[in-house]
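What the coordinates show
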Number of protein chains: 2
Amino acid sequence: MPHDPDPSLRLLWRHAAPEQERPRRRGPKQRLTVDEVVDAAIELADAEGLDALSMRGLAGRLGLAAMTLYTYVPSRKDLIVLMVDQALGRTALPELPDEPRRRLELVARVEYDDCRAHPWLLDAAGVRPWLGPNAADRYEWQLTAVDGLGLGDLETDQTVALLVGFAGNIARAEQRVRHAEHESGMTEREWWEANAGTLGELMAGRSYPLAGRVGQAVGEAYQAAGDPARELEFGLARIIDGVLAHAAGTAPRHEPPAPESYHQR
Amino acid sequence: MPHDPDPSLRLLWRHAAPEQERPRRRGPKQRLTVDEVVDAAIELADAEGLDALSMRGLAGRLGLAAMTLYTYVPSRKDLIVLMVDQALGRTALPELPDEPRRRLELVARVEYDDCRAHPWLLDAAGVRPWLGPNAADRYEWQLTAVDGLGLGDLETDQTVALLVGFAGNIARAEQRVRHAEHESGMTEREWWEANAGTLGELMAGRSYPLAGRVGQAVGEAYQAAGDPARELEFGLARIIDGVLAHAAGTAPRHEPPAPESYHQR
DNA sequence: TACTTCTTCGTACACCGTACAGAATTAGTG
DNA sequence: CACTAATTCTGTACGGTGTACGAAGAAGTA
């Protein structure tokens, strides 16, 4: 017996066929629209994070009783799916430049900017990667950016995943620091100053020559410049170098290692 | 007024100074050890995910009352921090090969394997990236792998982040599919078959030339081979190409500095 | 023995998502 | 018009969560 189609797909694509969207329904009109609900949820999640987005809280902010939300949206999970697609739709996809490197950079940067504007996007990725209209548009746009390098279909897809995944990781690292600072009430620097003594005492006996040196350099650079944009710059340049070299067919190729036992448990 | 040092740091490094670990305490002995609690939590999270790890559930599995756990661990968040470090400590860090490419590959693969063995590691990364002993050991090991390429301290750190971040992303993508399948009760293929009709109807009017073609190719390749290992392979090769090219100080379109042996294919 | 300190545990609170039933409101039907 | 059916809105309730708090008991010290 086959499965039923997913009802929330129609909700995701609710703007696709606006002709007969509302074929005159019986009961009272809805006070709000789904878009208004989702927009309010986005606003709330932007301000206070996905954890702080509760059905009761959102309903209260909208002047509704808690359960009323369920006439707009089947569940909190579905709401989040709608939020993702709606947030993606807010940024207009810029025109793609001609130069390949610029195109790939742009794919990563757009993703990075969105993940900074809506940090909860990174947490929401845990739910099903459903195809909403804006997600579909964006995927098509991303593929267009990578298309024409001479890669195969699979490699094109993997390149997109590589770029947006990396951009998301940079955003995630920033978000983690902000989150920790917000909830511990002290900055990264204050935390370190408060714990350096304890940590040094605990780590006595162990030696971390590289980690000590590198960690210090990273800490200084981070708090001095304060721009994790540099981090984006570096990794992005490496990735694009590698992709372009591969596309040009000039990258050195090696056999993958034997899959079993490159290290023991 | 300066901040107090973080109490859970001592808990993280509880094995660091075992001499005077227990300076004769008064009340009854604890029935369990912190390690046993954390191990049970890891086991539970491995089996059912981080969401299913509740204090009551864990306590029940250990034969304790719920609140008793709080004599071992200050809070659920701290427990997760301990879980992360303890899980990291379970995999012995393999010896690093000589060839640079193999070293970088190994860094990514170890991370990938761990993220597959403990999928909740990816969710747990949301909490503070605290320095536990095993995390510190691993960081040092990762830096050692990248060291010697001629990169600066910052770039070395960023390269590590690039590799492990990528590996985590691949694992995350797999986990997402598994999670969706588990909770929807149908496989990716079944879902598609059930929703292809609806989706096609909804997407009428829009055209996704690339996404359609690529998506189909990806879907076939994915379900046919079932190996996301290929995805790891591809991105990893690009990243390492880019990093090594950069380390060699040569722009992407230059020859690599003739390693002793590499065969082209 | 009495005191102190620690572990264990039951209860309680605030919050969460949401199932359910009833009241109010509107559109279609006679 | 009245009547019915569908739909929105709402309050209450259930089972779940993390954890604050206080009581009870055990083990060490005086």
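Described in the following lines is the structure provided in the data block. What you see is a predicted model, and the numbers here were worked out from it, not measured in a lab.

A word on the protein's contact with DNA strand C. The full set close to DNA strand C counts 28 residues, and A:R56, A:Y70, B:R31, B:M67 and B:T71 are the nearest of them. Of all atoms in DNA strand C that approach within 4 Å of the protein, 63% are sugar or phosphate atoms. A:R76 places a main-chain nitrogen or oxygen 2.9 Å from a phosphate oxygen of DNA strand C. Contact distances for DNA strand C include 3.3 Å between a sugar or linking oxygen and a backbone N or O atom of B:G27. A per-class count over the surface near DNA strand C returns 10 nonpolar, seven polar and 11 charged.

Here we take up the interface of chain A and chain B. Tallying the contact residues gives 87 residues for chain A and 93 residues for chain B. Taking both partners together, chain A and chain B bury about 8,400 Å²; carbon and sulfur atoms supply 61% of that area. Run the count over chain A and chain B and you get eight salt bridges. For B:K77, the salt bridge identified is with A:E183, shortest N-O distance 3.4 Å. Along the contact surface separating chain A from chain B lie 18 residue pairs in polar contact (both at pLDDT 80 or more). Contributing elements (two or more residues each) for the side of chain A that touches chain B: helix 1 (7-12), helix 7 (133-146), helix 8 (153-184), helix 9 (188-202), helix 10 (209-225) and helix 11 (229-247) of chain A. In terms of residues, the side of chain A that touches chain B owes the most to one element, helix 8 of chain A, which gives 17 residues. Each residue belonging to the side of chain A that touches chain B can be placed in one class, and the counts come to 41 nonpolar, 19 polar and 27 charged.

Let us now look at the relation of the copies chain A and chain B. Mapping chain A onto chain B is achieved by rotating through 180 degrees and translating by 0.0 Å along the same axis, at an RMSD of 0.1 Å. Here the copies are linked by what is in effect a two-fold axis. Using C-alpha coordinates, one finds that chain A approaches the rotation axis most closely at A:G242, a distance of 2.1 Å. Both copies share a contact surface, since 94% of the interface residues of chain A are interface residues in chain B too.

Packed helices, taken two at a time, are described by the angle their axes make and the gap between the axes. Residues and elements named next belong to chain A. Relative orientation of the contacting elements helix 2 (residues 34-48) and helix 3 (residues 55-62) amounts to 115 degrees, with a least axis distance of 10 Å. Between helix 2 and helix 3 lies a crossing of right-handed hand. Two secondary-structure elements touch here, helix 2 through V37, A40, A41, L44 and E48 and helix 3 through G57, L58, R61 and L62. The residue makeup of the contact of helix 2 with helix 3, split by class, is six nonpolar, one polar and two charged.

For any pair of aromatic rings, geometry is given as the distance between the ring centres together with the angle between the planes. Residue and element names in this part refer to chain A. Enumeration over the complete set of coordinates arrives at two aromatic pairs over all chains. Here W191 and W192 contribute two aromatic rings whose centre-to-centre distance is 6.4 Å and whose plane-to-plane angle is 45 degrees, an arrangement assigned as tilted. Judged by relative accessible area, W192 falls into the partly exposed class, the value being 48%.

Take the protein's contact with DNA strand D next. Of all residues adjacent to DNA strand D, which total 27 residues, the nearest are A:R31, A:M67, B:R56, B:Y70 and B:R76. In this structure, B:R56 approaches DNA strand D through a side-chain N or O atom, which is 2.6 Å from a base nitrogen.

Reading the values: rules and limits
Residues numbered from 1 in each chain as written. Chains lettered and ligands numbered in written order. Predicted model: local features only at pLDDT ≥ 70, side-chain atom pairs only at ≥ 80, totals over all residues. Heavy atoms only, no water. Near = heavy atom within 4 Å. Polar contact = N/O pair within 3.5 Å; in protein donor to acceptor, adjacent residues only side chain to side chain. Nonpolar A, V, L, I, M, F, W, Y, C, P; charged D, E, K, R; others polar. Contact = heavy atoms within 4.5 Å. Buried area = accessible area lost by both parts, 1.4 Å probe. Salt bridge = Lys/Arg side-chain N within 4 Å of Asp/Glu carboxyl O. Helix = DSSP H or I, 4+ residues; strand = E, 2+ residues; numbered from the N terminus. Least-squares fit on C-alpha atoms with pLDDT ≥ 70 in both. Axes fitted to C-alpha atoms, helices over the stretch in contact; angles between N-to-C directions. Left-handed = near helix turned anticlockwise from the far one by under 90°. Phe/Tyr/Trp six-rings, centres within 6.5 Å; stacked < 30°, edge-to-face > 60°. Buried < 20%, exposed > 50% of the residue type's maximum accessible area, 1.4 Å probe, protein only.

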